[in-house]
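# An overview of the molecular structure
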Amino acid sequence: MKPRKVPLRKCVACQQMKPKKSLIRIVRSPEGQVSIDLTGKKSGRGAYLCGQVACFKLAHKNRALDRALNSTVGPEVYEQLARDFLAVEEEYLLTRDREGDDDHE
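Summary of the structure given here. (Residues numbered from 1 in each chain as written. Predicted model: local features only at pLDDT ≥ 70, side-chain atom pairs only at ≥ 80, totals over all residues. Heavy atoms only, no water.)

## A few points about a positive patch on the surface
A surface patch of positive charge is lined by R4, R9, K20, K21 and K41. Tracing the chain through its elements places R4 in the segment before β1 (8-10). For R4, a relative accessible area of 81% gives the class exposed. (Patch = residues over 30% accessible without salt bridge, like charges linked within 9 Å, V, L, I, M, F, W, Y side chains within 5 Å. Areas by Shrake-Rupley, 256 points an atom, 1.4 Å probe, with all protein chains shown as cover. Salt bridge = Lys/Arg side-chain N within 4 Å of Asp/Glu carboxyl O. Lys, Arg positive; Asp, Glu negative; His and termini not counted. Charge placed at Lys NZ, Arg CZ, Asp CG, Glu CD. Helix = DSSP H or I, 4+ residues; strand = E, 2+ residues; numbered from the N terminus. Buried < 20%, exposed > 50% of the residue type's maximum accessible area, 1.4 Å probe, protein only.)

Right, here's the structure in full:
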């Protein structure tokens, strides 16, 4: 049986290709609302970031999310995303560590 192909995505900040499950998806809904999508299933235009605060700050500085989401992301949205990102980061790291442990078994 062939091993299953792992989907890769590029972090909009550091430009590194990584497995889709190891990245955090930022999505712009059809209504124009920007939010973090942990499930990866919300409809809308998506952009991926590494689960590191440094990548989020770099994306903010370079306005990488604006380009990736094809819309202007306002400062208030970046502030909300920063709060959400910090809250999500711990959960993301725990999930990633748990999945990493499962892969080694």
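Text resumes after the structure shown.
## Quick notes on the side chain of S22
Relative to the helices and strands, S22 is located in the loop between β2 (17-19) and β3 (23-28). Exposure remark for S22: the relative accessible area of 16% places this residue in the buried category. From its side chain, S22 meets the backbone oxygen of P19 in a polar contact 2.8 Å long. (Polar contact = N/O pair within 3.5 Å; in protein donor to acceptor, adjacent residues only side chain to side chain.)

## A word on a nonpolar patch on the surface
Taken together, the side chains of V6, L8 and M17 make up a nonpolar region of the molecular surface, amounting to roughly 280 Å² of accessible area. Of note, M17 is situated in strand β2.

## Side note on the nonpolar core
Of all hydrophobic cores here, the largest spans 24 residues; its most connected members are I26, L49 and L65. Secondary-structure elements contributing two or more residues to this core are β3, β4 (34-37), β5 (45-50), α1 (53-62), α2 (64-69) and α3 (75-104). With near-sequence residues (within four places) excluded, L49 lies in contact with C11, V12, A13, L23, I24, I26, C55, F56, A59 and F85. (Core = buried A, V, L, I, M, F, W, Y, C linked by side-chain atoms within 4.5 Å. Contact = heavy atoms within 4.5 Å.)

## Concerning the side chain of S29
With respect to the secondary-structure elements, S29 resides in the loop between β3 and β4. Apart from the residues lying within four places of it in its own chain, the contact partners of S29 are S43 and G44.

## Brief notes about the pairing of β4
Summarising the sheet, β3 and β4 pair through four bridges and their orientation is antiparallel. Counted as the bridge partner of I26 is I36 from β4. Two successive antiparallel strands, β3 and β4, enclose a turn made up of five residues, where G32 displays a positive phi of approximately 100°. (Pairing = 2+ DSSP bridges.)

## Observations concerning the environment of Y78
Residue position: Y78 is located in helix α3. Taking relative accessible area as the criterion, Y78 reaches 2% and is therefore assigned buried. Each C-alpha atom, one on Y78 and one on A59, is 9.9 Å from the other, the two residues being 19 residues apart in sequence. Within the structure, Y78 has its side chain in polar contact with the side chain of D66 (distance 3.3 Å).

Just geometry here; none of it tells us what the structure is for.
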